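Below, each chain spelled out in residue letters.
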Amino acid sequence: MAGAGAAAAAAGVVDGGWGFGQPAAQLATGRAIEAARAHGVAAVTIRNCNHVGRLGEYVTELAEAGLMGMAFCNSGAVVAPFGGTGRALGTNPFAWAAPGGPEGPLVVDFSTAGVAEGKLRVAAADGRGVAGGLIVDARGRPSARPEDFFAGGALLPFGGHKGSGMSVMIELLGGLLTGMGTACTPGYAGGNGTVMLAVDVAAFTDPSAYADSAQEFRAALVAAGAGPSGGTVLLPGELESRTRQRRLRDGIPVSAGVLELIYELTDQLGVARLPAQAAPPGAGLAAR
């Protein structure tokens with residue numbers, strides 16, 4: 001943690017040393033928990049930081065510690081700003097988690113681009129197209145072919161000006177507070193300029209009363225939101241939680257196309273391929 005005095009003690013800087021980003025983010029999460037419990041609120045930045053992975057992991061940890069947590073990071077320029085078609089912004093994800101009562105945290109975690117770059121890689125490996133309005137090709141023309149993005153095209157922001165505006169602000173927050181720079185300027189250092197914010201529920205209200213109210217809200221939201229048609233309401237993070245439980249039970253499905261991409265790397269390292277019966281033609285496999 002950097003700085004001195006009560007106010008500075010609630011702020012901190014983690015230097016990732018250009019190692020793996022995940023350990024740096026875990027360290028920052030722990031520091032944010034300590035500082036928020038001591039001071040009510042905390043902000044921790046990470047500089048010299050490679051890819052930190054899924055931001056939702058860290059804000060969920062904050063929420064499970066009784067805190068409201070937010071995280072932002074900027075990244076390399078692959079997204080066109082609203083009204084344009086050239087790469088100028090990062091995918092710049094945002095995550096927010098809050099204690100949600102006995103059933104666990106509510107978690108929002110999304111890229112400010114209309115689609116994650118990783119999902120394009122999977123689609124390209126499987127020979128699938130993507131929905132319209134997500135990417136443009138190198139000439140700025142709308143495309144549904146993932147390959148066009150990797151050939152010099154650009155991602156588009158979600159929600160038009162809304163996602164674009166949020167991405168711009170994350171460049172300032174994640175890029176400049178960390179000293180990593182903004183994606184489209186010469187001084188950009190690469191990696192993820194990451195910022196974590198934590199708010200201790202107990203510093204503002206009774207945690208038990210908060211938990212009761214959060215649980216009441218969850219139940220009322222599901223009941224009222226279903227409406228006369230009896231629709232199924234999914235709360236933030238619920239789909240991911242269900243998927244996680246299913247993956248833990250059944251394994252992680254890996255398509256044949258993605259498996260071949262993995263083999264392109266492991267073959268170079270002399271790692272033996274899986275037995276043929278573990279991956280039927282066209283079926284991929286479930287990795288445990």
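As the structure is a computational prediction, the values presented were derived from the model and not from experiment.

What counts, and at which threshold
- Residues numbered from 1 in each chain as written.
- Predicted model: local features only at pLDDT ≥ 70, side-chain atom pairs only at ≥ 80, totals over all residues.
- Heavy atoms only, no water.
- Helix = DSSP H or I, 4+ residues; strand = E, 2+ residues; numbered from the N terminus.
- Contact = heavy atoms within 4.5 Å.
- Areas by Shrake-Rupley, 256 points an atom, 1.4 Å probe, with all protein chains shown as cover.
- Lys, Arg positive; Asp, Glu negative; His and termini not counted.
- Charge placed at Lys NZ, Arg CZ, Asp CG, Glu CD.
- Pairing = 2+ DSSP bridges.
- Expected span 1.5 Å × (residues − 1).
- Buried < 20%, exposed > 50% of the residue type's maximum accessible area, 1.4 Å probe, protein only.
- Patch = residues over 30% accessible without salt bridge, like charges linked within 9 Å, V, L, I, M, F, W, Y side chains within 5 Å.
- Salt bridge = Lys/Arg side-chain N within 4 Å of Asp/Glu carboxyl O.
- Axes fitted to C-alpha atoms, helices over the stretch in contact; angles between N-to-C directions.
- Disulfide = S-S within 2.5 Å.

Colleague: With reference to specific residues and values, describe the overall build of the protein chain.
Modeller: Along its length, the protein chain carries nine helices and eleven strands. Over its C-alpha atoms, taken along the principal directions, the protein chain stretches across nearly 55 × 50 × 45 Å. Nonlocal contacts in the protein chain, meaning residues at least 24 apart in sequence, comprise 65% of its contacts between residues at least 6 apart. Accessible surface for the protein chain amounts to roughly 15000 Å². Of this, 61% is attributable to carbon and sulfur atoms. Distance from the positive charge centre (20 side chains) to the negative charge centre (23 side chains) of the protein chain: 6 Å.

Colleague: Run through the sheet that holds strand β7 (residues 142-143), naming residues and quoting values.
Modeller: Pairing within the open sheet is antiparallel, and its three strands lie in the order β7-β6-β8. At either margin of the open sheet sits one strand with a lone partner, and together these are β7 and β8 (154-155). Taken together, the two bridges between strand β6 (residues 135-136) and β8 define a ladder with antiparallel strand orientation. Within the sheet, the bridge partner assigned to I135 lies in β8 and is L155.

Colleague: So what's going on with helix α6 (residues 161-176)? Which residues, and what values?
Modeller: Its 16 residues place the ends of α6 22 Å apart at the C-alpha level, agreeing with the 22 Å of an ideal helix rising 1.5 Å per residue. If you check which residues of α6 are buried, you get G163, S164, S167, I170, E171, G174 and G175. Where α6 is buried, its residues touch β3 (67-74), β4 (94-98) and β9 (193-200).

Colleague: Account for a nonpolar patch on the surface, naming residues and giving values.
Modeller: A contiguous nonpolar surface patch, about 360 Å² in accessible area, is contributed by V168, M169, L172 and L176. With respect to the element layout, V168 can be found in helix α6. For V168, a relative accessible area of 37% corresponds to the partly exposed category.

Colleague: Tell me what's going on with the sheet that holds strand β1 (residues 11-15), and back it up with residues and numbers.
Modeller: Ordered by their spatial adjacency, six strands build an open sheet running β1-β2-β9-β3-β4-β5, and the pairing between neighbours is mixed. The outermost strands of the open sheet, each flanked by one partner alone, are β1 and β5 (106-110). Adjacent strand axes in the sheet meet at a mean angle of 10°, parallel and antiparallel pairs treated alike. As judged from the four bridges shared by β3 and β4, these two strands associate in the antiparallel manner. Among the inter-strand pairings, G69 is bridged to a residue of β4, identified as A97. Those strands touched by α6 are β3, β4, β5 and β9, and its axis lies near 95° from that of β3.

Colleague: Can you tell me about the state of the cysteines, naming the residues and giving the values?
Modeller: According to the stated counting rule, one finds zero disulfides in the structure shown. We note that C49 lacks a disulfide partner, and the nearest cysteine sulfur, in C73, lies 8.1 Å from it.

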